[in-house]
Amino acid sequence: MGILRKTVATSLAIVIGYGAIVLLMCFPAPQRLMIYLHWVRFPFNPNFHVPELYGFAHNKIRNIQIITADNVTLGGWHILPTSYYLQKQLRDDQNLVDYPTIYDTALSDPSYDTVIYFHGNALNRAAPWRIDLYKQLGDKFNRLNIIAIDYRGFGDSEGTPSEEGLRLDALATIDWLLQKNVSHDRISIIGHSLGTGVATTLAYDMTKRGQPPNALILKAAYSSLPNLIFEYRMFKYLTILGPVRLIPSLQKFMLSHLVHVYDSLSRIEYLECPVLISYGASDVEIPGHNSQLLFHRAVYGEKGKMNFIKDWMDKEYIEKNNLLRRRIIPNEATVYQKDQIFLVKLHHADHNNVGYYDYMFQAMADITRWHQNLS
């Protein structure tokens, strides 16, 4: 009888605890804490002014500050193109007298390209795997400026994150580059996970301005937060809010109180630039059909004649309807293409390492034309 009571008590505590989590998610502050995880800080006590601490060459990076339209100061890094850095022999320069000019020239020079990287939730721009990615980008594309910012509330940036706030952060970054005489068609955008919503919104805003970017690259993307929150997984078979779908009225109530939306699905069809969407077949956090849905919308639009159905990307369906180009690279990737819209499924990648596979760099080169600048 004691065992039964303990079982009932434990089950009741789990149900009450889960119910409390669901209820809290209907309020803005807990939503912000769960979505952005900006309170999870690593590395601890980072020194962004000394990038050599993280393995970068002396003078290869300048720490920058960007002021947003609502007067929030953002921290970021400008990483010089490898070829420019070597040509200027900056490693042994102790004073760097022409400090701003040296870095600004690398941006304004039309023979160099620029990419902005928007990271996922939690941590900051000095997280080890993000640093590894910056280094790989610099090695693979040696005429590429890399801008890595921390959103408001992250790293050394001021403020508190919100969807509109991160939109302003992204626009401020573009405006900072434009003020440095970087043409919009030499700016590409990369977003990972949470950052895919920020990146897609920025590409949309730039297109509306009549200044579309050179390319948009999405890694481990979600179609929108309302589509994602009930299928986001911490572990392979555990969807945190999945049980809520069993109670449609509760699901509807939660969605009506969702403050942060990041609706990339409604924006991606209006972009006027090449788009690369990539995901890992082993991603247990964000299901791959989110990337497939974004690709479908980018190609056909919301009112297109081709509906999004389960089998629309199967080989037989594609061949029968003459829809897309499909290429399989054994043990590496499956690539779908329609004009300048690409979808890449990396066969062995997961959520966090999707950007590190060799074919990913090849795909980026193909749509950005960065490889034309490689010496």
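Everything that follows concerns the structure shown earlier in this document.
Basis of the calculations
Residues numbered from 1 in each chain as written. Predicted model: local features only at pLDDT ≥ 70, side-chain atom pairs only at ≥ 80, totals over all residues. Heavy atoms only, no water. Helix = DSSP H or I, 4+ residues; strand = E, 2+ residues; numbered from the N terminus. Rg over C-alpha atoms; globule rule 2.2 N^0.38 Å. Buried < 20%, exposed > 50% of the residue type's maximum accessible area, 1.4 Å probe, protein only. Contact = heavy atoms within 4.5 Å. Areas by Shrake-Rupley, 256 points an atom, 1.4 Å probe, with all protein chains shown as cover. Lys, Arg positive; Asp, Glu negative; His and termini not counted. Charge placed at Lys NZ, Arg CZ, Asp CG, Glu CD. 1 Å grid on protein atoms, 1.4 Å probe; cavity = no way out; pocket = protein on both sides within 12 Å on 5 of 7 lines; lining within 4 Å. Points joined across faces, edges and corners; volume = space filled by probe spheres on them. Nonpolar A, V, L, I, M, F, W, Y, C, P; charged D, E, K, R; others polar. Pairing = 2+ DSSP bridges. Axes fitted to C-alpha atoms, helices over the stretch in contact; angles between N-to-C directions. Parallel < 35°, antiparallel > 145°, perpendicular 65-115°, else oblique. Left-handed = near helix turned anticlockwise from the far one by under 90°. Expected span 1.5 Å × (residues − 1). Arc of directions from axis to C-beta. Core = buried A, V, L, I, M, F, W, Y, C linked by side-chain atoms within 4.5 Å. Right-handed = clockwise from strand over helix to strand, strands pointing away.

Caption draft 1: Expanded view of the overall build of the protein. Summing up its helical and strand segments, the protein has twelve helices and twelve strands in all. Its C-alpha atoms give the protein a radius of gyration of 22 Å, within 12% of the compact-globule value 21 Å for 375 residues. Overall size of the protein, expressed as C-alpha extent along the three principal axes, is 80 × 55 × 40 Å. The burial tally for the protein puts 52% of its 375 residues in the buried class. A separation of at least 24 residues holds for 71% of the contacts in the protein among residues at least 6 apart in sequence. A total of about 17700 Å² of accessible surface is found on the protein, and carbon and sulfur atoms cover 55% of it. When the 37 basic and 35 acidic side-chain charges of the protein are each reduced to a single mean position, those positions are 6 Å apart.

Caption draft 2: Representation of the layout of surface pockets in the model. One number sums up the size of the largest pocket: a volume of about 730 Å³. Lining the largest pocket are 26 residues; nearest its centre among them are M34, I35, L37, N121 and Y232. Of all the secondary structure elements, the ones that give two or more residues to the lining of the largest pocket are helix 2 (28-36), helix 5 (128-140) and helix 8 (225-228). Taken together, the residues of the lining of the largest pocket break down into 18 nonpolar, six polar and two charged.

Caption draft 3: The sheet that holds strand 12 (residues 341-346), seen in detail. Strands sit in the order 1-2-4-3-5-6-9-12-11-10 across an open sheet of ten strands; the sheet is mixed. Strands with a single pairing partner mark the edges of an open sheet, and in this sheet they are strand 1 (61-67) and strand 10 (325-329). Taking the axes of each pair of neighbouring strands and ignoring which way they run, one obtains an average angle of 20° across the sheet. With five bridges joining them, strand 5 (residues 187-192) and strand 6 (residues 215-219) adopt parallel strand pairing. Note on strand 6: the bridge partner recorded for I189 is L216. Packing against the sheet, helix 12 (residues 358-368) makes contact with strand 5, strand 6, strand 9 (275-280), strand 10, strand 11 (333-338) and strand 12, and its axis sits at approximately 160° to strand 6.

Caption draft 4: Local environment of the packing of helix 6 (residues 163-179) against helix 7 (residues 194-208). Here helix 6 crosses helix 7 at 55°, and the two axes come no closer than 9 Å. Compared by their axis directions, helix 6 and helix 7 come out oblique. Helix 6 and helix 7 meet at a crossing whose hand is right-handed. Taken together, the residues of helix 7 that come into contact with helix 6 (itself represented by L166, R167, A170, L171 and I174) are V198, T201, L202, Y204, D205 and M206. Its residues assigned to classes, the contact of helix 6 with helix 7 shows eight nonpolar, one polar and two charged.

Caption draft 5: Region of the structure containing empty space enclosed by the protein. By the definition in use, this model includes one cavity of 30 Å³ or more. Roughly 70 Å³ of volume is contained in the largest cavity. Around the largest cavity, the lining residues are Y117, W129, R130, L133, H192, K219, N352, V354, G355 and Y356. Sort the elements by how many residues they give to the lining of the largest cavity and helix 5 lands first, with three residues. When grouped by side-chain class, the residues that make up the lining of the largest cavity number five nonpolar, three polar and two charged.

Caption draft 6: Seen up close, helix 5. Given a rise of 1.5 Å per residue, 13 residues ought to cover 18 Å, and the 18 Å separating the end C-alpha atoms of helix 5 matches this to within 8%. Those residues of helix 5 not exposed but buried are R130, I131, L133, Y134, L137 and G138. Buried residues in helix 5, looked at end-on, bunch into an arc of 155°, giving them a common side.

Caption draft 7: Spotlight on the nonpolar core. Counting residues in each nonpolar core, the largest one holds 66 residues, and the members touching the most others are F118 and L216. Excluding its chain neighbours within four sequence positions, the residues that come into contact with F118 are I149, Y151, A170, I189, I190, G191, H192, G195, V198, A199 and L202.

Caption draft 8: Representation of the pairing of strand 3 (residues 113-118). Among the six residues that make up strand 3, six are buried, leaving the element largely enclosed by the rest of the structure. Residues D113, V115 and Y117 of strand 3 are buried on one face, and the alternating residues T114, I116 and F118, pointing to the opposite face, are buried as well. The sheet contact formed by strand 3 and strand 4 (residues 144-149) spans five bridges and is parallel. Of the residues in strand 4, the one forming a bridge with V115 is I146. For the segment spanning strand 3, helix 5 and strand 4, crossover handedness is right-handed. As defined by bridge partners, strand 3 adjoins strand 5 across five bridges and the pair is classed as parallel. Residue pairing for strand 5: F118 is matched across the bridge by G191.

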